[in-house]
Amino acid sequence: MRRIENIEVAWIMGEIADLLELQGESVFKIRAYRKAAKAIASLATDLSELASRGELETVPGIGKAIAGKIAELFNTGEIEYYENLKAQVPPGLLEVITVPGIGARMAQELYQKLGISSVDELEAAARGRKIRGLPGMGNKTEMNILRGIEMLRSGTGQVTLGIADAMAEAFTGFLKSLPGVEEAGAAGSARRMKDAVGDIDLVVGSYEAERVIEIFVKHPQVKKVLAKGDTKARVVTLAGIGIDLMVVGPEQYWTAMHHFTGSKEHNVRLREIAHKKGLKINEYGVFRRDDDTRLPVAGEADIYTHLGMEYIPPELREDLGEVEAAMNGTLPDLVETGDIKGDLHIHSDWSDGVNSIEEIVGRAVEMGYEYVAITDHSKSLGIARGLSVERLEEQERYLRELNEKTGQIEILTGIEADILSNGDLDYPDEILAAKDIVVASVHSGFRQEREKITGRVISAMKNKHVDIVAHPTGRLIGRRDPYAIDMEEIFAAAVKYGTALEINASPDRLDLNDRYVRRAAELGIRISINTDAHDINRMDEMKYGVATARRGWLEKRDVLNTLGKEELLDYLKK
DNA sequence: GCCGTTTTCGGCCCGACTGTTTTCAGTCG
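Conventions used here
Residues numbered from 1 in each chain as written. Chains lettered and ligands numbered in written order. Predicted model: local features only at pLDDT ≥ 70, side-chain atom pairs only at ≥ 80, totals over all residues. Heavy atoms only, no water. Helix = DSSP H or I, 4+ residues; strand = E, 2+ residues; numbered from the N terminus. Polar contact = N/O pair within 3.5 Å; in protein donor to acceptor, adjacent residues only side chain to side chain. Contact = heavy atoms within 4.5 Å. Domains from an automatic or database assignment. Buried area = accessible area lost by both parts, 1.4 Å probe. Salt bridge = Lys/Arg side-chain N within 4 Å of Asp/Glu carboxyl O. Near = heavy atom within 4 Å. Core = buried A, V, L, I, M, F, W, Y, C linked by side-chain atoms within 4.5 Å. Buried < 20%, exposed > 50% of the residue type's maximum accessible area, 1.4 Å probe, protein only. Pairing = 2+ DSSP bridges.

Focus: the side chain of Thr531
Next up, step 1: Within the secondary structure, Thr531 is located in the loop between β17 (527-530) and α23 (542-551).
Next up, step 2: In this structure the side chain of Thr531 is engaged in a polar contact, spanning 2.7 Å, whose partner is the side chain of Asp343.
Next up, step 3: The residues touching Thr531, leaving out its near neighbours within four places in the chain, are Asp343, His345, Ile346, Asn504, Ala505, Ser506, Arg538, Met539, Glu541 and Met542.

Overview of the domain arrangement of chain A
Next up, step 1: Along its sequence, chain A is carved into domain 1 (6-154), domain 2 (159-253), domain 3 (263-328) and domain 4 (337-573).
Next up, step 2: For domain 2 versus domain 3, the distance between C-alpha centres works out to 24 Å.
Next up, step 3: Each partner contributes residues to the interface: domain 2 has 9 residues there, and domain 3 has 11 residues.
Next up, step 4: Overall, the association of domain 2 and domain 3 removes approximately 820 Å² of surface from exposure, summing both partners, and the carbon and sulfur fraction of that is 45%.
Next up, step 5: Three residues stand out in domain 2 for area buried against domain 3, namely Arg191, Arg192 and Gln252, and they jointly supply 66% of the buried area on that side.
Next up, step 6: Remark: the boundary between domain 2 and domain 3 carries 2 salt bridges.

As for the protein's contact with DNA strand B
Next up, step 1: In the vicinity of DNA strand B there are 46 residues, among which Gly63, Gly101, Gly138, Lys228 and Arg271 approach most closely.
Next up, step 2: A breakdown of the atoms of DNA strand B within 4 Å of the protein gives sugar and phosphate a share of 82%.
Next up, step 3: The separation between a phosphate oxygen of DNA strand B and a polar side-chain atom of Lys69 is 3.5 Å.
Next up, step 4: Here Asn139 contributes a backbone N or O atom positioned 3.4 Å from a phosphate oxygen of DNA strand B.

A short note on the environment of Leu43
Next up, step 1: Along the polypeptide, Leu43 turns up in the loop between α2 (27-41) and α3 (47-52).
Next up, step 2: Along the primary structure Leu43 and Asn282 are separated by 239 residues, whereas in three dimensions their C-alpha atoms are 29 Å apart.
Next up, step 3: Apart from residues no more than four positions distant in its own chain, Leu43 is found in contact with Asn6, Leu50, Val59 and Arg515.

Considering the nonpolar core
Next up, step 1: Core analysis: the biggest nonpolar cluster contains 58 residues, and Met461, Leu501 and Ile529 have the highest contact counts within it.
Next up, step 2: Core analysis: the next-biggest nonpolar cluster, separate from the first, contains 51 residues, Ile30, Ala39, Leu73 and Ala125 among them.

A closer look at the pattern of salt bridges
Next up, step 1: Taken as a whole and judged by the stated rule, the model has 44 salt bridges.
Next up, step 2: The partner of Asp195 in a salt bridge is Arg475, with the nearest N and O atoms 2.8 Å apart. Placement of the pair is Asp195 in the loop between α11 (188-191) and β3 (196-197) and Arg475 in the loop between β15 (468-469) and α21 (487-497), with a sequence separation of 280 residues.
Next up, step 3: Asp199 is the salt-bridge partner of Arg234, the closest N and O atoms lying 3.5 Å from each other. Of this pair, Arg234 sits in strand β6 (residues 232-237) while Asp199 sits in strand β4 (residues 199-206), placing them 35 residues apart in sequence.
Next up, step 4: Taking the relative accessible area as the measure of exposure, Asp199 reaches 22% and is therefore partly exposed.
Next up, step 5: A cluster of three or more residues bridged by salt bridges with shared partners is formed by Arg3, Glu5, Asp46, Arg450 and Asp486.

Comments concerning the side chain of Glu410
Next up, step 1: One can find Glu410 in strand β13 (residues 410-418).
Next up, step 2: Excluding residues within four positions of it along the chain, Glu410 makes contact with Glu370, Tyr371, Val372, Asn403, Lys565 and Leu569.

Structural notes on the sheet that holds strand β9 (residues 285-288)
Next up, step 1: With antiparallel pairing, the 3 strands of this open sheet are ordered in space as β8-β9-β10. Each edge of the open sheet is held by one strand with a lone partner, namely β8 (279-282) and β10 (294-295).
Next up, step 2: Pairing of β9 with β10 involves 2 bridges; the strand directions are antiparallel. Among the inter-strand pairings, Val286 is bridged to a residue of β10, identified as Leu295.

Have a look at this one:
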């Protein structure tokens, strides 16, 4: 039978939740399916393996009933319960509820009264002013529906962390410059440093909420105002990115920041714990339930202290075990940007980079690094001006000389060796042996079958000169899916051959992703965080790689390039 | 449907904004 990916199971669970909602089922049952979908989507291990071992119920959020349905899916290729549900609900309604502003109740009402069962029919009805006749709906409802359909079709999807981070920073600066604003900052998934961000959340501490909101919605980058109230506003920028703004009193800034940083699942867990302790948490503070006394909160750490747990950094707030760890005092001591001692994957103008080696070295010195590796492309990557054997040897000599002269930083001679479609590397062993560091990666044959591309990378890992596999899954966020590579096999090979795996820090890649990073670290695999910069300005993107490492629960000791110069050179010799 | 330092039954986070209402339901985060 065809292989069923985790994400497909998650989609089915989400769809069951939608179908149940359209049937008016219990909100708790719906929530249970949604929670299971989320849990499955963020699982790094193969669900099919868990199923074959009968361990589905070890996943928090999966109980007896859902485990049974997943097992059924793997055994028979379908879930009878799900098929029955689909048969009972007009299929177009699932599409209708994807329109922002339309939920299950409205979709049901529109179907029963007007027979609407597709987005096209919904649009026609709104344009034909047929909806305003329904109870509780008016002409503004029709406008909202049309706006929602437009948003849906314009594909207000997600943007990379790099884009979101830059935009959040720009708006934060703008808000800070306004009179009456005491504090401003970005919250939401951008603060949690997720690799893809749906919209930007901003929090402002000010006593003049109305004034701040009025100016905010008039910002030249704002294309549309979706909502505007006393304390909140929601807009869409010209670039099509949604921004939510929340303004609170300065003394509520940190509880609001915490609330809007999320994740939602993390917050729910905290509120449940608060509830049991006789407390209540919302965006305005931490309160005693009995008399509404407000407990002092001078920073986010105080919130966790009131709940009797360790401070949880934003990158971990996903309800993936961090709450339990914080209560037990077993949170990881996360790696920090300052722990990074060098960048092991950089391109110069010898291949397709824009800067000279001297410029790269200069920037590395500025960043306080102890070492930097020059890893230009190998010969078969003609499009990237990959180096011939002669050019490579010439560069090698050049780098050795420069290293003598420079002194203040170790320049490692390296190569990003292409893994050819048959699994061979781009140069013979004696060439690779001469390099301080060999980074191997796939740049072609992205569509190879799972076995083939997996075996190809593993055969490269068997080569004792290969130190790191770069961007192991090949994904480009929002633009190109990962190859069909079997990461469990790659992890096993990394353990067997002692190969490090890369977190490519470019916000276009962030590959490995957070989940794989965590899984790899559990298996004891060394991770290297590299920028793959083709431009010295992008050496600053190290912070995104470190953030991804933190999201994967990595400590300093898990990361190869936190080693000092001597330790790293020793490591590379082995 | 899930879950268990109050529980194997009975809970299950909390609030803002909107539109169409005269007090609230629906939607969203």
